[in-house]
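Architecture and fold: a report
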Amino acid sequence: GDNPDLTKERKSATFDTEEMTNFVYGSKAEVDRMREIEAKVAADPDLCNPVPLDFLSREKRIEAQAKK
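Everything in this summary refers to the structure shown in the same document. Predicted model, so just to flag it, every value in this text is computed and none were measured. (Residues numbered from 1 in each chain as written. Predicted model: local features only at pLDDT ≥ 70, side-chain atom pairs only at ≥ 80, totals over all residues. Heavy atoms only, no water.)

**Quick word on the overall build of the protein chain**
- What the protein chain contains, in helices and strands, is five helices and zero strands.
- When its helices and strands are written in sequence order, the protein chain yields α-α-α-α-α.
- Relative to the 2.2 N^0.38 estimate, which gives 11 Å for 68 residues, the radius of gyration of the protein chain is 17 Å and therefore markedly larger than a compact globule would have.
- Along the first, second and third principal axes, the C-alpha atoms of the protein chain reach 55 × 25 × 15 Å.
- When the 68 residues of the protein chain are sorted by exposure, 3% land in the buried category.
- Carbon and sulfur atoms provide 54% of the accessible area of the protein chain, an area that totals close to 6,100 Å².
- Taken as two groups, the 12 positive and 15 negative side-chain charges of the protein chain have centres that lie 5 Å from each other. (Helix = DSSP H or I, 4+ residues; strand = E, 2+ residues; numbered from the N terminus. Rg over C-alpha atoms; globule rule 2.2 N^0.38 Å. Buried < 20%, exposed > 50% of the residue type's maximum accessible area, 1.4 Å probe, protein only. Areas by Shrake-Rupley, 256 points an atom, 1.4 Å probe, with all protein chains shown as cover. Lys, Arg positive; Asp, Glu negative; His and termini not counted. Charge placed at Lys NZ, Arg CZ, Asp CG, Glu CD.)

Below you can see the structure in the form of structure tokens.
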């Protein structure tokens, strides 16, 4: 979720925040890849709300770690 104050600040910036983001992360391709991974993680309930590994059997723990 976007922070409304942060969104407001981004819109009022005197420079292109997207260009700055690309610069900080190295390239537009890097930023796109990072956002793609974030979207996939956000869409996967196992990655968003993982069960603490202590509560899983050894097999399930290995499976959970492999998914990550």
